[in-house]
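Observations on chain architecture
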Amino acid sequence: MPRLHLPICPRLPNLKPAKHAAAWLMWSLAVGVGAISPANADEFDWSIGTYVGKYHDAEPAGALAGRANYAEHYMLAVTGSKTVWRHKEWPIAIELDAMAGQQSGLANLTEVAFAPALRWSGFPWRDVLRTDIRLAPLGVSYTSRVGPMETGPDGRGSRTLNYLFVEAAFSSPKATAHEFFVRLHHRCAIYDLLNNYGANGEDFLSFGYRHKF
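Here the structure is a predicted model, which is why all the values come from computation and not from measurement. Each residue is numbered by its place in its chain's sequence as written, counting from 1. For this predicted model, a pLDDT threshold of at least 70 governs which residues receive local features, and a threshold of 80 or more governs which side-chain atom pairs are given and counted, while totals over whole chains, interfaces and linings are taken from all residues. Values reported for side chains reflect all heavy atoms of the structure, with hydrogen atoms and water molecules removed beforehand.

Side-chain atoms within 4.5 Å link the members of a nonpolar core, which is a set of buried Ala, Val, Leu, Ile, Met, Phe, Trp, Tyr and Cys residues. The rule is simple: take the accessible area with a 1.4 Å probe, protein chains only, and divide by the maximum for that residue type; under 20% is buried, over 50% is exposed, in between is partly exposed. Residues Y51, M75, M99 and Y163 are the most contacted members of the largest nonpolar core, which totals 16 residues. Numbered from the N terminus, helices here are DSSP runs of H or I no shorter than four residues, and strands are runs of E no shorter than two. Looking at this core, the elements with two or more residues in it are β1 (46-56), β2 (70-86), β4 (109-120) and β7 (160-172). Dropping the residues within four chain positions of it, M99 is found in contact with Y51, M75, A77, V78, T79, E111, V112, A113, Y163 and H185. Any two residues whose heavy atoms approach within 4.5 Å are treated as being in contact.

Listed below in structure tokens is the structure:
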């Protein structure tokens, strides 16, 4: 099997589209703070769900900028979360998120991961379409073996890496317990902090559903 040569995790050079998206997002967050009322009493503290993803060779910033190349490697995962803190007035919450997934295609392996996540639900159009952004920059991910996508030039890699995800979640304002989401699932060495093998880790563009209760 030919080796996949991937960039090391993650680099952010000249990502003008990503910068424009970030500026738009910050503007929307600022508008959302003043546009919505305090958090509703019908918020949920637990969730369980599932998602499927396809492997690509770019870190999340690169994927958002359209620089990702996809391979025939897939993951099917289950995920669960627990809200541990919610602001009384602002639409901000902190959740603990965990996942377990089975990968297949270029290799067969199992991944389990855990990370605290920040959820923002204050977009001004939330009365039409509930839109939440979830960000988990630091977590722990462990795989049952080192896959061929995660080995450096010398053939070495790590089972334990940082777990990061960026997620956009959508639900009907009348049925917020049912949430569909798009997630960029990412494993990396945090700028070679965890190892210096020269491998990017793994990235999946994922689509899923969760039920909140």
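Let us now look at empty space enclosed by the protein. Gaps left between atoms show up when a probe the size of a water molecule is rolled over them. The method works on a 1 Å grid over the protein atoms by themselves. A cavity is a set of points holding a 1.4 Å probe that cannot get out, a pocket is an open set with protein on both sides within 12 Å along at least five of seven lines, and residues with an atom within 4 Å of a point line them. Grid points are joined across faces, edges and corners, and a volume is the space filled by probe spheres set on the points. One pass over the structure, following the stated rule, counts one cavity of 30 Å³ or more. Its volume calculated, the largest cavity comes out at about 50 Å³. The wall of the largest cavity is formed by E150, G157, S158, L161, C188, A189, N195, Y197, A199, N200 and G201. Each residue gets one of three labels, nonpolar for Ala, Val, Leu, Ile, Met, Phe, Trp, Tyr, Cys and Pro, charged for Asp, Glu, Lys and Arg, and polar for the others, Gly among them. For the lining of the largest cavity, the per-class residue count stands at five nonpolar, five polar and one charged.

Bringing the environment of E202 into the picture now. Note that E202 resides in the loop between β8 (175-188) and β9 (203-212). Linking E202 and M149, residues 53 residues apart in sequence, is a C-alpha distance of 6.7 Å. When neighbours within four sequence positions are excluded, E202 is seen to be in contact with Y55, H73, Q103, E111, M149, E150, H185, H186 and R187. In protein, a polar contact means a hydrogen-donor-capable atom and an acceptor-capable atom, both N or O and within 3.5 Å, with residues adjacent in sequence counting only if both atoms are side-chain atoms; elsewhere, any N or O pair within 3.5 Å suffices. A polar contact of 2.8 Å, which involves the side chain of E202, links it to the side chain of Q103.

With that settled, consider the pattern of salt bridges. For this document, the term salt bridge refers to a Lys or Arg side-chain nitrogen within 4 Å of an Asp or Glu carboxyl oxygen. According to the stated counting rule, one finds 18 salt bridges in the structure shown. With a shortest N-O distance of 3.2 Å, D45 and R86 are connected by a salt bridge. One end of the pair, D45, is in the loop between α1 (16-35) and β1; the other, R86, is in strand β2, and 41 residues separate them in sequence. Look at D45 and you get partly exposed, because its relative accessible area is 33%. A salt bridge links D97 to R183; the nearest nitrogen and oxygen atoms lie 3.4 Å apart. On the criterion of sequence distance, the pair formed by D97 in strand β3 (residues 92-104) and R183 in strand β8 is long-range, its members being 86 residues apart. Like D97, the residue R183 is buried in the burial classification. Through salt bridges with shared partners, one network takes in E43, E95, D97, R119, R130, D132, R134, E167, E179, R183, R210 and K212.

This part is about the pairing of β1. Pairing between strands is defined by DSSP: at least two bridges between the two strands are required. The pairing of β1 with β2 spans 10 bridges and is classified as antiparallel. Across the sheet, residue W46 finds its bridge partner in β2, namely K82. One ladder, built from 10 bridges, connects β1 with β9; its direction is antiparallel. Looking at the pairing, T50 lines up with Y209 of β9.

The exposure class assigned to R183 is buried, which follows from its relative accessible area of 0%. Among the polar contacts made by the side chain of R183, one reaches the side chain of Y51 at a distance of 3.4 Å. Discounting residues that sit within four places of it in the chain, R183 has contacts with Y51, T79, D97, R134, Y163, F165, V166, E167, F204, L205, S206 and R210.

All quantities given are derived from atomic positions and should not be read as evidence of function.
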